[in-house]
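# Secondary and tertiary structure notes
Now for the letters of each chain:
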Protein chains: 4
Amino acid sequence: MSPKTPPNVLITGFEAFENDETNASWEVARALDGSICEAALVRAVQLPCVFGDAIERLDEALRQWRPRLVVSLGQASGRAEITPERVAINLDDARIADNAGQQPIDIPVIPGAPAAYFSSLPVKAIVRDLRAAGLPASLSNTAGTFVCNHVFFALMHRLATLRPLAGTRGGFVHVPCLPEHAARRPGLPSLALQTQVEAIRHLTRTALSVQEDARESGGQIH
Amino acid sequence: MSPKTPPNVLITGFEAFENDETNASWEVARALDGSICEAALVRAVQLPCVFGDAIERLDEALRQWRPRLVVSLGQASGRAEITPERVAINLDDARIADNAGQQPIDIPVIPGAPAAYFSSLPVKAIVRDLRAAGLPASLSNTAGTFVCNHVFFALMHRLATLRPLAGTRGGFVHVPCLPEHAARRPGLPSLALQTQVEAIRHLTRTALSVQEDARESGGQIH
Amino acid sequence: MSPKTPPNVLITGFEAFENDETNASWEVARALDGSICEAALVRAVQLPCVFGDAIERLDEALRQWRPRLVVSLGQASGRAEITPERVAINLDDARIADNAGQQPIDIPVIPGAPAAYFSSLPVKAIVRDLRAAGLPASLSNTAGTFVCNHVFFALMHRLATLRPLAGTRGGFVHVPCLPEHAARRPGLPSLALQTQVEAIRHLTRTALSVQEDARESGGQIH
Amino acid sequence: MSPKTPPNVLITGFEAFENDETNASWEVARALDGSICEAALVRAVQLPCVFGDAIERLDEALRQWRPRLVVSLGQASGRAEITPERVAINLDDARIADNAGQQPIDIPVIPGAPAAYFSSLPVKAIVRDLRAAGLPASLSNTAGTFVCNHVFFALMHRLATLRPLAGTRGGFVHVPCLPEHAARRPGLPSLALQTQVEAIRHLTRTALSVQEDARESGGQIH
């Protein structure tokens, strides 16, 4: 009978986007909601695929759950693997409109903030552990310049500057499409929801248990 | 107590190849072995990844099971979807050695046989039905020139020339890697075994029930 | 003053297609028109990108020039190299309409003809010689199912069945886009016209001088 | 007889790397050395493909030429277009060893410097002008984590912090392989040297003449 509340892990996913009816990132987050991972409780929150609004919703969730760990998920059409992102850049440059019809071009996510933040997830250890578990994963050096990077940058800025979040680790992870998406867009790689959920469960465990990131090569020549 | 024996469906898959410990094609075939599909009984047979021997093993299975339908499966590293093959060509040209160390270069699969055979599976209907079921699929116009095409060509030659197999439909289908393979070869697309098994079950159903193939565009410009 | 007429080499290219104003295959053929290669005279002929009409124009050219060698060129958006095609299949299956608005689906190029013909160009020697000259090339096992394959199949059927063409070698070669095409379709590989012209000049020389094709591995696993 | 010295443009390229005998980036830089562009004089300097040493050589060149504009070039195997880089990150993470056998993993390029710098080239205008000239180009959001990004980051840090370089614009641009490289690595895209030289000449002109970058969408969703 422990009187202690377990710490929270916040996992965010996005609402559906463009012509899709579902978004892999939210399906994964939702599947993990309420589960226990390394004695922490997973809280899933859906973010709108809208510049600005997505950050507001994230802020609410940060205030509400005071998480020890934040994993933001986004769907990356065309990628075949689970890809933890290494760096968030202070730039919005939308190739297409967001779900509210906004299309910001070349403006900072947060004026006056640094040009970039690195993820504070142990990204190398995550990739190593996922592969060891038979799950396809690679490190990514760009989260793009759309709402995913927007949320990622805002998250890292909060973690770096807000007192109550001192010590909270966080980062962004892109996941592939689901088979149902690929069925409508021939040629696209995809991974079953079950595979993705298993991968994000593993990733959360590594993020909660590994203190020092692995020092393994994971770079890209270009 | 029905005195009638159900018709057989033969599904072949390959043994592991190169440095892998498993082969998606055999894992899928094995998972379907013994199942009932449209009142037919699925018989799974593993083929060696060896020029010549693979055809011998296929011949044995054809004699033993007198199948109404034959679906030969092979694993295609790098493809992201279930890809029914359209055409088998009378050519062995091995980029690497097979599991017995053979590497035939530019010789016919069967001397004197035609240059090619088209699949007798309803390939367009199969792709249509898989996509409708939310499963990623595309038609392929080349099965390569390795053991997969070798088996495909021999199969179609048997179906075209052997009396007892008159009326038997058959063809070849490439399946993607499993996640466990992609975990060891970064960047590779993959699909969970469960997704693949579901797809081949659907495909078998379509192959048994559709008489006339769909007339939908599925071609490639090049 | 030689009383002997030099033998002809026929090189065909296609007219522009879809939204392009030029077609790399015709630009290359045109650049070589009238040149001398291994004591043969190059005759360039433009084919319409139209099922049926393209073959008629090819037939006229074959009658007019009685070539010793025929190299049909086509542009392959998305390919990065010069790709000699290995096999033509007896199938028209148009993913999009041709320049006359026709879109045949799953009909033979020539009813009653064989399922396929192999190129009679020394395709392995061609790839070997191009690479040795510092020019990017790979063998292709599918010419698609559009007008390119249509012309390729008809050409090989003529060479196989028409008496006056006995001894004439021929085949099909896909070439990449030009940089000007890639400038309008981001992400597409391309090669400068000059690079392509040099490659097809090399290829013609190999096709005229090599009797026995090289026995080097050039196959694809799938 | 003008008493005025023309301003300098510094274009750097790398020495050959891995098993190649040439490096497209240096071939392009060298071809432009000594040419006049918008009344400025192009100075080409070769950098070693070595962490640390490359920056030292860059520093020497900056001191020697006091350039008004710096364009650092690097070769990106696998890319098909001229790709101006948007952002340099403060991280060395070498997947393979450099030409001196060093393989730094997850260390900053410059300890204490910001996490990233954005290019000060008008990257959108550059892509727009290249495409308008029929030259394939796209904006890139990652320069990798190898020697290219290392030089790019150091360059931007110098431009941001060194007094004598106030007002100097600079950035990094990846160029594709040359056809001679692709001839030895099947499947790789490439562009003729002449096409690349023409592109970098255009790019230099745009960089010297455009004050305000274009506000056109050039972002990536991920």
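As the structure is a computational prediction, the values presented were derived from the model and not from experiment.

Basis of the calculations
Residues numbered from 1 in each chain as written. Chains lettered and ligands numbered in written order. Predicted model: local features only at pLDDT ≥ 70, side-chain atom pairs only at ≥ 80, totals over all residues. Heavy atoms only, no water. Helix = DSSP H or I, 4+ residues; strand = E, 2+ residues; numbered from the N terminus. Buried < 20%, exposed > 50% of the residue type's maximum accessible area, 1.4 Å probe, protein only. Contact = heavy atoms within 4.5 Å. Areas by Shrake-Rupley, 256 points an atom, 1.4 Å probe, with all protein chains shown as cover. Lys, Arg positive; Asp, Glu negative; His and termini not counted. Charge placed at Lys NZ, Arg CZ, Asp CG, Glu CD. Least-squares fit on C-alpha atoms with pLDDT ≥ 70 in both. UniProt positions renumbered as here; feature names shortened; annotations may be inferred. Pairing = 2+ DSSP bridges. Axes fitted to C-alpha atoms, helices over the stretch in contact; angles between N-to-C directions. Buried area = accessible area lost by both parts, 1.4 Å probe. Nonpolar A, V, L, I, M, F, W, Y, C, P; charged D, E, K, R; others polar. Phe/Tyr/Trp six-rings, centres within 6.5 Å; stacked < 30°, edge-to-face > 60°. Polar contact = N/O pair within 3.5 Å; in protein donor to acceptor, adjacent residues only side chain to side chain. Salt bridge = Lys/Arg side-chain N within 4 Å of Asp/Glu carboxyl O. Left-handed = near helix turned anticlockwise from the far one by under 90°.

### Quick word on the overall build of chain A
Looking only at helices and strands, one finds six helices and 10 strands in chain A. Each principal axis of the C-alpha atoms in chain A carries an extent, and together these give about 50 × 40 × 35 Å. Evaluated residue by residue, chain A yields a buried proportion of 64% over its 222 residues. A sequence separation of at least 24 residues applies to 78% of the contacts in chain A between residues at least 6 apart. Carbon and sulfur atoms make up 48% of the accessible area of chain A, which totals about 8,500 Å². Of the charged side chains in chain A, 21 are positive and 23 negative, and the gap between their average positions amounts to 8 Å.

### Quick notes on the relation of the copies chain C and chain D
Rotating chain C by 180° about the axis while translating it 0.0 Å along that axis superimposes it on chain D, leaving an RMSD of 0.0 Å. One copy is carried onto the other by what is essentially a two-fold rotation axis. In this assembly the copies share their binding face: 100% of the residues contributing to the interface of chain C also contribute to that of chain D.

### A short note on the UniProt feature "active site" (unreviewed entry) in chain A
All names here are of chain A. Feature annotation in UniProt assigns "active site" (unreviewed entry) to the following positions: Glu85, Cys148 and His174. Annotated residues spanning 90 residues; largest pairwise C-alpha distance 10.3 Å, indicating a single compact cluster. If you trace the backbone, Glu85 turns up in the loop between strand S5 (83-84) and strand S6 (87-89). Dropping the residues within four chain positions of it, Glu85 is found in contact with Arg79, Ser119, Val123, Ser140, Asn141, Thr142, Ala143, Phe152, Phe172, Val173 and His174.

### Overview of the sheet that holds strand S2 (residues 36-37) of chain B
All names here are of chain B. In space, the six strands of this open sheet follow the order S2-S3-S1-S4-S10-S5, with mixed pairing throughout. The sheet is open, and its two edges are formed by S2 and strand S5 (83-84), each paired on a single side. Bridge count between strand S1 (residues 8-14) and strand S4 (residues 69-75): four bridges; the pairing is parallel. Paired with Leu10 across the strands is Val70, a residue of S4. Running at roughly 150° to S1, helix H1 (residues 24-32) makes contact with S1, strand S3 (40-47), S4 and strand S10 (169-175) of the sheet. In the packing of helix H4 (residues 147-161) onto the sheet, contacts are made with S1, S3, S4 and S10, and the angle to S10 comes to roughly 170°.

### Some thoughts on the sheet that holds strand S10 (residues 169-175) of chain A
Pairing between the strands of a sheet comes from backbone hydrogen bonds, and it takes one of two forms, parallel or antiparallel. Residue and element names in this part refer to chain A. Overall, mixed pairing links the six strands, which are arranged S2-S3-S1-S4-S10-S5 in an open sheet. Single-partner strands in this sheet number two, and they are strand S2 (36-37) and S5. Of the strand pairs in this sheet, S2 and strand S3 (residues 40-47) are connected by two bridges, and their pairing is antiparallel. Residue Cys37 lies in a different strand from S3, and its bridge partner there is Ala40.

### Regarding the pairing of strand S3 (residues 40-47) of chain C
Residue and element names in this part refer to chain C. Of all the eight residues making up S3, six are buried; the element is thus mostly covered by neighbouring parts of the structure. The sheet contact formed by strand S1 (residues 8-14) and S3 spans seven bridges and is parallel. Bridged to Leu10 within S3 is Arg43. If you look at the hairpin formed by strand S2 (residues 36-37) and S3, you'll find two residues sitting between the two strands, and Glu38 has a positive phi there, around 50°.

### Structural notes on the interface of chain C and chain D
Taken together, the contact pairs 20 residues of chain C with 20 residues of chain D. Both sides together, the interface formed by chain C and chain D hides about 1,400 Å², and carbon and sulfur atoms give 58% of it. Sorting the residues of chain C by area buried against chain D places C:Arg131, C:Pro179 and C:Ala183 first, and these three jointly supply 27% of that buried surface. When contributions to the side of chain C that touches chain D are tallied by element, the ones reaching two or more residues are helix H5 (179-182) and helix H6 (193-209) of chain C. The greatest single-element share of the side of chain C that touches chain D, amounting to three residues, is contributed by H5(C). For the side of chain C that touches chain D, the per-class residue count stands at 11 nonpolar, six polar and three charged.

### Comments concerning helix H3 (residues 123-132) of chain B
Taken residue by residue, H3(B) has B:Val123, B:Lys124, B:Ala125, B:Ile126, B:Val127 and B:Leu130 as its buried positions. If you follow the buried residues of H3(B), they end up packed against S5 and helix H6 (193-209) of chain B together with strand S7 (92-93) and strand S8 (105-107) of chain C.

### Comments concerning the relation of the copies chain A and chain D
Between the two copies of the chain lies a rotation about an axis combined with a shift along it. The transform that puts chain A on chain D rotates by 180° and translates by 0.0 Å along the axis, for an RMSD of 0.0 Å. The fraction of interface residues of chain A whose copies in chain D are also interface residues reaches 100%, indicating that both copies meet through the same surface.

### A short note on the pairing of strand S4 (residues 69-75) of chain A
Residue and element names in this part refer to chain A. For S4, the buried fraction is high: seven of the seven residues fall into the buried class. The side-chain alternation of S4 yields two buried faces, one formed by Leu69, Val71, Leu73 and Gln75 and the other by Val70, Ser72 and Gly74. Note: S4 against S10, seven bridges, orientation parallel. Each bridged residue has a counterpart across the sheet, and for Ser72 the counterpart in S10 is Phe172.

### Comments concerning the environment of B:Pro122
Residue and element names in this part refer to chain B. Structurally, the position occupied by Pro122 is in the loop between strand S9 (116-118) and H3. Sequence spacing of Pro122 and Val28 is 94 residues, and the spatial spacing of their C-alpha atoms is 20 Å. Here Pro122 is in contact with Arg169, Thr206, Ala207, Val210 and Asp213, once residues within four sequence places are set aside.

### Remarks on the packing of aromatic side chains
Evaluation of the coordinates by the stated rule reveals 16 aromatic pairs over all chains. Centre to centre, the rings of C:Tyr117 and C:Phe153 are 5.3 Å apart; their planes meet at 45°, and the pair counts as tilted. With C:Tyr117 in strand S9 (residues 116-118) and C:Phe153 in helix H4 (residues 147-161), the pair connects residues that are 36 residues apart, well separated along the chain. Site record: aromatic cluster; members linked through ring pairs are A:Phe17, A:Phe51 and A:Phe146.

### Section: the side chain of B:Asn141
Relative to the helices and strands, B:Asn141 resides in the loop between H3 and H4. Since its relative accessible area comes to 6%, B:Asn141 is described here as buried. Engagement of the side chain of B:Asn141 in a polar contact is seen with the side chain of B:Arg86, the distance being 3.0 Å. Setting aside residues up to four positions removed in sequence, B:Asn141 forms contacts with B:Glu85, B:Arg86, B:Val87, B:Gln220, C:Thr142 and C:Thr145.

### Thoughts on the interface of chain A and chain D
Taken together, the contacts link 38 residues of chain A with 38 residues of chain D. Of the roughly 3,000 Å² buried between chain A and chain D, counting both surfaces, carbon and sulfur atoms make up 58%. Linking chain A with chain D are eight salt bridges. Close ionic contact of D:Asp106 with A:Arg86 constitutes a salt bridge, the shortest N to O distance being 3.1 Å. Here chain A is connected to chain D by 18 residue pairs in polar contact (both at pLDDT 80 or more). Those elements that place two or more of their residues in the side of chain A that touches chain D are S6, strand S8 (105-107) and strand S9 (116-118) of chain A. Split into classes, the residues belonging to the side of chain A that touches chain D amount to 16 nonpolar, 14 polar and eight charged.

### Describing the packing of helix H2 (residues 53-65) of chain D against helix H4 (residues 147-161) of chain D
Residues and elements named next belong to chain D. As a packed pair, H2 and H4 sit with axes 10 Å apart at the nearest point and diverge in direction by 40°. In this structure, the crossing between H2 and H4 has a hand that is right-handed. Listed contacts from H4 to Ala54, Ile55, Leu58, Asp59 and Leu62 of H2 are Val147, His150, Val151, Ala154, Leu155 and Arg158. Its residues assigned to classes, the contact of H2 with H4 shows eight nonpolar, one polar and two charged.

### Focus: the pattern of salt bridges
Taken as a whole and assessed by the stated rule, the structure comprises 44 salt bridges over all chains. For B:Lys124, the salt bridge goes to C:Asp93, with nearest N and O atoms at 3.0 Å. Of the two residues, B:Lys124 sits in helix H3 while C:Asp93 sits in strand S7, which places them in two different chains. Assigned by exposure class, B:Lys124 and C:Asp93 land together as buried. The shortest N-O distance in the salt bridge between D:Glu27 and D:Arg30 comes to 2.8 Å. Here D:Arg30 and D:Glu27 lie together in helix H1 (residues 24-32), a separation of three residues that amounts to about one turn. Linked by salt bridges that have partners in common, A:Arg86, A:Lys124, D:Asp93 and D:Asp106 make up one network.

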